[in-house]
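If you want the building blocks of each chain, they are given just below.
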Amino acid sequence: MYTRIQHPLHLSMQFMLLFSRQGKLRLQKWYVPLSDKEKKKITRELVQTVLARKPKMCSFLEWRDLKIVYKRYASLYFCCAIEDQDNELITLEIIHRYVELLDKYFGSVCELDIIFNFEKAYFILDEFLLGGEVQETSKKNVLKAIEQADLLQESQNEEWGGLSEDIL
Amino acid sequence: MPAVSKGDGMRGLAVFISDIRNCKSKEAEIKRINKELANIRSKFKGDKALDGYSKKKYVCKLLFIFLLGHDIDFGHMEAVNLLSSNKYTEKQIGYLFISVLVNSNSELIRLINNAIKNDLASRNPTFMCLALHCIANVGSREMGEAFAADIPRILVAGDSMDSVKQSAALCLLRLYKASPDLVPMGEWTARVVHLLNDQHMGVVTAAVSLITCLCKKNPDDFKTCISLAVSRLSRIVSSASTDLQDYTYYFVPAPWLSVKLLRLLQCYPPPEDAAVKGRLVECLETVLNKAQEPPKSKKVQHSNAKNAILFETISLIIHYDSEPNLLVRACNQLGQFLQHRETNLRYLALESMCTLASSEFSHEAVKTHIDTVINALKTERDVSVRQRAADLLYAMCDRSNAKQIVSEMLRYLETADYAIREEIVLKVAILAEKYAVDYSWYVDTILNLIRIAGDYVSEEVWYRVLQIVTNRDDVQGYAAKTVFEALQAPACHENMVKVGGYILGEFGNLIAGDPRSSPPVQFSLLHSKFHLCSVATRALLLSTYIKFINLFPETKATIQGVLRAGSQLRNADVELQQRAVEYLTLSSVASTDVLATVLEEMPPFPERESSILAKLKRKKGPGAGSALDDGRRDPSSNDINGGVEPTPSTVSTPSPSADLLGLRAAPPPAAPPAPSGAGNLLVDVFSDGPAAQPGLGPSAEEAFLSELEPPAPESPMALLADPAPAADPGPEDIGPPIPEADELLNKFVCKNNGVLFENQLLQIGVKSEFRQNLGRMYLFYGNKTSVQFQNFSPTVVHPGDLQTQLAVQTKRVAAQVDGGAQVQQVLNIECLRDFLTPPLLSVRFRYGGAPQSLTLKLPVTINKFFQPTEMAAQDFFQRWKQLSLPQQEAQKIFKANHPMDAEVTKAKLLGFGSALLDNVDPNPENFVGAGIIQTKALQVGCLLRLEPNAQAQMYRLTLRTSKEPVSRHLCELLAQQF
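Now for a quick tour of the structure. From a predicted model like this one, the values you see are computed outputs, not experimental measurements.

**Focus: the overall build of chain B**
Then step 1. Tallying secondary structure elements over chain B gives 46 helices and 16 strands in all.
Then step 2. The buried share among the 978 residues of chain B stands at 56%.
Then step 3. Within chain B, residue pairs in contact and separated by at least 24 positions form 70% of the contacts whose partners lie at least 6 positions apart.
Then step 4. Accessible area of chain B: about 41600 Å², with a carbon and sulfur share of 52%.

Pasting the structure below:
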């Protein structure tokens, strides 16, 4: 029927996708090496499957040989793929903590924030989850790391002068 | 309307994203994107050097375009350049681009690795974290090779910041999972375990994941982590909900860490140390107790976090499977969830109970919930929950409730979602067989399956019912009667025709006494379905017919008439035609004795693992697993659960070879007695018959078998046979160098030692030293396989004029290289005069009978014979002016392929062979070198100047020598190194 996803890495989280109710992908984070083609295929199938589900249904489903954990926040679906023996509820709360982090950083986050500042959404995710595992759960610590970086860059902006001369 | 952006606003990016969002159609979007791509391309290619900010902005735009789903085939180099920026956000965007869009371009990987190396060494924690994130995000083997050895040091270093430790732990975990061989175990592992005691909860959270993975691979080496994990867990579980400050999540202390610790403990059996065990049991009880307490918050986050720990605790209890009290408590807790208003909890309770059902301590407790579960199967609105319910029914099934469960599942099948029908069919078939007390119930159940969900009854299922009926004579009469009745239905599933045809062909005689099912009636009933069936079914029916001729001589004339019909004898399908021809001949030529022997009833099938069980296992791990564990939880029922086999173990335990289609791979069911005897007979019968085609057609017996057995795979010999001609190439015809030969050669221009070549079979290492015009090179040939290489012969060839320019003396090496062994070859080299092309190294050998050959460029280039010459600035410029003829100078301007690092450049120039002269060039950024190339016939003086331009990422290289081709050649060789 379909090719199985090979996951020699046995990572707990395989990937995370954020997509809108219209099926537009807003963020994708892959913790397993897959070809672009395979990623697109998975995304397409999964977006379809999740969007077809009704509101009161449970947040978990078996898909291929993975477990999908998803939750909708306003217009956005957050969707994680985990392995069979992984804990669904804690994954649901990984999603929620990520939403909280985005919310705190952007100040009541909405889909537009993620569209226009997609790079920040990735940076925040990297501070929170690394290699598919939870790295830091403290909201304070994650945001401290991100805000430090913002400060760093602002101060650098001031000291940087014009272009240097081209010798060639 | 762009949203507020924090930190740096990249206005151009926001405008672009707005534009894309405003596009009314896909076409408009593509047009806008193409316009942007053209713009970016021209900026990147343009003469004007881009500043870091613009580069960052364009790289970010490319990333956005890629994430929209479009292909990006440029910009990688610019992203790599951003990595070496000193500005955090530029570096950050560079790393993001690399993480998302990394490709296997090896050249690029080297550059990326270089940048990462610099950041790891920078001692700037934010830069270090970025670099570690990148390694963890990419996680490729190349990165493993470059960094796996460094990261443990960073992880356990006393002065590493907490955030760096966290990233290092997970980065190492990723590399270890991808390529465990690359991560050296050692002193650091003991220190990693003690991170469980770290004061910083974030460090513990990250480290536990790494430790868990290490424990899985080397449980004995990490045993000390058990007591550390238990005490950490105990401290968390018993802490008040506010003790852990920011690590408390909705009044639940450190839920993520708790879950991870419970997972870690699942790598081990229960703790041996009584005190540790006592403390752990106390923890588990506390978690179970807390589940009964009123919630501290109404928020779903509170209950999810709390229950995440609860479910993980239950997993650990099930994993230990040794505390009856805890198991039963867990089961009761899950029982409460079965009726919870949260769908998620009902789903998880069903799932978790599935594993509890396989424990002997809790199996009975699980069974008490049967009505709730059956109700869930009927009323849950979500298919995934219903599926869990079906799984649980399957897992809790035993002799006492089998009939109820099977009938509920059959009922469910009528309305079940298509996606899970096949699985339900398999489960019903397995339960029916496993818990059959009387086999008529079993036969009824399978026929019901075919009736209700014929399309989802796989071959394995109906093969199995045939095997069982064949093996049990007490059910054969009933089976014949039942299929006969089932076939009366005006429309019946083709699988029913198959089963019916086979069973009547074997056992139709058992019901032939009843005039309502007399032989002619049986035949016409079957034949009425014939024309509607597929070729495979028709072939099976033809075999049934020939069996009828033996069972019921009175049907012979009718059946011969059918076989003789043009539609059979001249059927376009070879198989049908052949069967018709052969059966017709058999029926008319053979005596009744011969016929009776050939068409005898099938002998019992040898028993082995049920092919259905194997199929279910293939489809689904856990559900099938719990049924397989039956023996453990219900030893008393072992001897009756065995299905058809008197020794039950072969049925209910997985055979080690548990292949997916037991039926197919095992020896053919009826093979031993039938074919040999019957085959010989057939040959005799046919030897004077008109249709005699010895060895071509299946015998009557085999025709049945060939129904059961799909066509044999091609002979394995054919697959393994060596397609290449066996002859070795003659010694003179050396193949052209492999495509990457030049690239490999380039790696050795500035260094003398390293791995020259490697593939799956062979590794070639090089060590060399040069003095004046002489050199000695050691080549190491390593056999990476476990098989001996034969006729191993490496030779050095001098193409063209090289013979007169370079003398290379080689020693022969042994013709055999054992698996895993390495042989060494010594080469003595003398440079006679200046030369441009390197000699070729041709390696040939036979591996597993197949000839292998390989031609490489030997890493001997003219610069190896450089003698560095020190001189003062004044002397240098004097000589520089002396070599001012246009043909004496060679110059190249080229783009940097590697990060422009002065130290690296210096090392390369020294490796190239010239002396580096300080204080010669007025610009301290530039490099100046001098040397003499020594050959036997002449010496060539060389001067060089390299001017880097960091802004443009370009170099200008100028060479002046007394010999024109040498200038050009050196310039080309050197330009490829930066």
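**A few points about the packing of helix H30 (residues 556–564) of chain B against helix H32 (residues 574–589) of chain B**
Residues and elements named next belong to chain B.
Then step 1. H32 packs onto H30 with a crossing angle of 150° between their chain directions and a minimal axis gap of 9 Å. Classed by the angle they form, the pair H30 and H32 counts as roughly antiparallel. Of the two elements, H30 crosses H32, and the hand of that crossing is left-handed. Two secondary-structure elements touch here, H30 through Lys556, Gln560, Leu563 and Arg564 and H32 through Ala580, Tyr583, Leu584, Ser587 and Ser588.
Then step 2. The residue inventory of the contact of H30 with H32, partitioned by class, reads four nonpolar, three polar and two charged.

**Considerations on the sheet that holds strand E6 (residues 789–797) of chain B**
All names here are of chain B.
Then step 1. Strand order in the open sheet formed by three strands is E6-E9-E10, with antiparallel pairing between adjacent strands. Of all strands in the sheet, those with a lone pairing partner are E6 and strand E10 (850–857), marking the two edges. Averaged over all adjacent pairs, the angle separating strand axes in this sheet is 10°, with direction ignored.
Then step 2. Sheet topology places strand E9 (residues 840–847) next to E10; eight bridges connect them, and they run antiparallel. Among the inter-strand pairings, Arg846 is bridged to a residue of E10, identified as Pro851.

**Structural notes on the pattern of salt bridges**
Then step 1. With the rule as written, the count across this model stands at 55 salt bridges over all chains.
Then step 2. Ionic pairing is found between Asp159 of chain B and Arg123 of chain B, a salt bridge with its closest N-O pair at 3.5 Å. Taken as a pair, Asp159 of chain B in the loop between helix H9 (151–156) and helix H10 (162–178) and Arg123 of chain B in the loop between helix H6 (106–120) and helix H7 (125–138) lie far apart in primary sequence, 36 residues in all.
Then step 3. Residue Asp159 of chain B is classed as exposed on the basis of its relative accessible area of 54%.
Then step 4. Where Glu408 of chain B meets Arg411 of chain B, a salt bridge forms, and the shortest distance between an N and an O atom there is 3.7 Å. Here Arg411 of chain B and Glu408 of chain B lie together in helix H22 (residues 402–415), a separation of three residues that amounts to about one turn.
Then step 5. One network of salt bridges, with partners in common, ties together Glu62 of chain A together with Arg388, Asp391, Glu423 and Lys427 of chain B.

**Quick notes on helix H4 (residues 118–128) of chain A**
Then step 1. Where burial is concerned, most of H4 of chain A is hidden: eleven out of the eleven residues are buried.
Then step 2. Among the residues making up H4 of chain A, those that are buried are Phe118, Glu119, Lys120, Ala121, Tyr122, Phe123, Ile124, Leu125, Asp126, Glu127 and Phe128 of chain A.

**A short note on unusual backbone geometry**
Then step 1. With phi around 50°, Arg64 of chain A is a residue other than glycine that occupies positive phi space.
Then step 2. Along the chain, the position of Arg64 of chain A falls in the loop between strand E3 (60–63) and strand E4 (66–73).
Then step 3. You can call Arg64 of chain A buried: its relative accessible area is 14%.
Then step 4. Residue Tyr250 of chain B is not a glycine yet carries a positive backbone phi of 50°.

**Section: the interface of chain A and chain B**
Then step 1. Opposite the 74 residues of chain A that make contact, chain B presents 89 residues.
Then step 2. In total, about 7000 Å² of surface goes out of reach between chain A and chain B, with carbon and sulfur atoms giving 56% of it.
Then step 3. If you look at where chain A meets chain B, you find seven salt bridges.
Then step 4. Residues Asp71 of chain B and Lys40 of chain A are paired through a salt bridge, measuring 4.0 Å at the closest nitrogen-oxygen approach.
Then step 5. Across the contact surface, chain A and chain B share 29 residue pairs in polar contact (both at pLDDT 80 or more).
Then step 6. When residues of the side of chain A that touches chain B are assigned to their parent elements, the largest contribution, twelve residues, is made by helix H5 (residues 139–159) of chain A.
Then step 7. Looking at side-chain class alone, the side of chain A that touches chain B contains 28 nonpolar, 17 polar and 29 charged residues.

**Comments concerning the nonpolar core**
Then step 1. Counting 280 residues, the largest nonpolar core has Tyr98 of chain A together with Ile116 and Leu155 of chain B as its most contacted members.
Then step 2. With residues near it in sequence (within four places) discarded, Leu155 of chain B still touches Lys165, Ala168, Ala169, Leu172, Trp188, Val192, Leu195 and Leu210 of chain B.
Then step 3. By size, the runner-up hydrophobic cluster in this structure holds 61 residues, among which are Met777, Leu802, Cys831 and Phe845 of chain B.

**Some points on a positive patch on the surface**
Then step 1. Positive charge collects at one region of the surface, where Lys54 and Lys56 of chain A together with Arg341 and Arg381 of chain B lie side by side.
Then step 2. With respect to the helices, strands and loops of the structure, Arg381 of chain B is situated in the loop between helix H20 (370–379) and helix H21 (383–396).
Then step 3. The class for Arg381 of chain B is exposed, based on a relative accessible area of 71%.

**Re helix H1 (residues 11–22) of chain B**
Then step 1. A rise of 1.5 Å per residue sets the reference length of H1 of chain B, with its twelve residues, at 16 Å; its end C-alpha atoms lie 16 Å apart and thus fit the reference within 8%.
Then step 2. Looking at H1 of chain B, one finds that the buried residues are Leu13, Ala14, Phe16, Ile17, Ser18 and Ile20 of chain B.
Then step 3. Where H1 of chain B is buried, its residues meet helix H3 (111–116) and H4 of chain A together with helix H2 (26–45) and helix H3 (52–67) of chain B.

**What to know about the side chain of Arg232 of chain B**
Residue and element names in this part refer to chain B.
Then step 1. With respect to the helices and strands, Arg232 occurs in helix H13 (residues 225–237).
Then step 2. Here Arg232 occupies a buried position and makes no salt bridge, while the nearest side chain of opposite charge, Asp198, is found at 6.7 Å.
Then step 3. Here the side chain of Arg232 touches Asp198 through a polar contact of 2.8 Å, landing on its backbone oxygen.
Then step 4. If sequence neighbours within four positions are ignored, Arg232 has contacts with Leu196, Asn197, Asp198, Met201, Val204 and Leu261.

**Describing the sheet that holds strand E3 (residues 754–758) of chain B**
All names here are of chain B.
Then step 1. If you walk across this open sheet you meet the five strands as E3-E4-E5-E8-E7, and the pairing is antiparallel. Only two strands of the sheet have a single partner each, and these edge strands are E3 and strand E7 (806–810). Each adjacent strand pair in this sheet contributes to an overall mean axis angle of 25°, direction not counted.
Then step 2. Note that strand E4 (residues 762–771) and strand E5 (residues 774–783) share ten bridges and pair antiparallel.

Cut-offs applied
Residues numbered from 1 in each chain as written. Chains lettered and ligands numbered in written order. Predicted model: local features only at pLDDT ≥ 70, side-chain atom pairs only at ≥ 80, totals over all residues. Heavy atoms only, no water. Helix = DSSP H or I, 4+ residues; strand = E, 2+ residues; numbered from the N terminus. Buried < 20%, exposed > 50% of the residue type's maximum accessible area, 1.4 Å probe, protein only. Contact = heavy atoms within 4.5 Å. Areas by Shrake-Rupley, 256 points an atom, 1.4 Å probe, with all protein chains shown as cover. Axes fitted to C-alpha atoms, helices over the stretch in contact; angles between N-to-C directions. Parallel < 35°, antiparallel > 145°, perpendicular 65-115°, else oblique. Left-handed = near helix turned anticlockwise from the far one by under 90°. Nonpolar A, V, L, I, M, F, W, Y, C, P; charged D, E, K, R; others polar. Pairing = 2+ DSSP bridges. Salt bridge = Lys/Arg side-chain N within 4 Å of Asp/Glu carboxyl O. Buried area = accessible area lost by both parts, 1.4 Å probe. Polar contact = N/O pair within 3.5 Å; in protein donor to acceptor, adjacent residues only side chain to side chain. Core = buried A, V, L, I, M, F, W, Y, C linked by side-chain atoms within 4.5 Å. Patch = residues over 30% accessible without salt bridge, like charges linked within 9 Å, V, L, I, M, F, W, Y side chains within 5 Å. Lys, Arg positive; Asp, Glu negative; His and termini not counted. Charge placed at Lys NZ, Arg CZ, Asp CG, Glu CD. Expected span 1.5 Å × (residues − 1).

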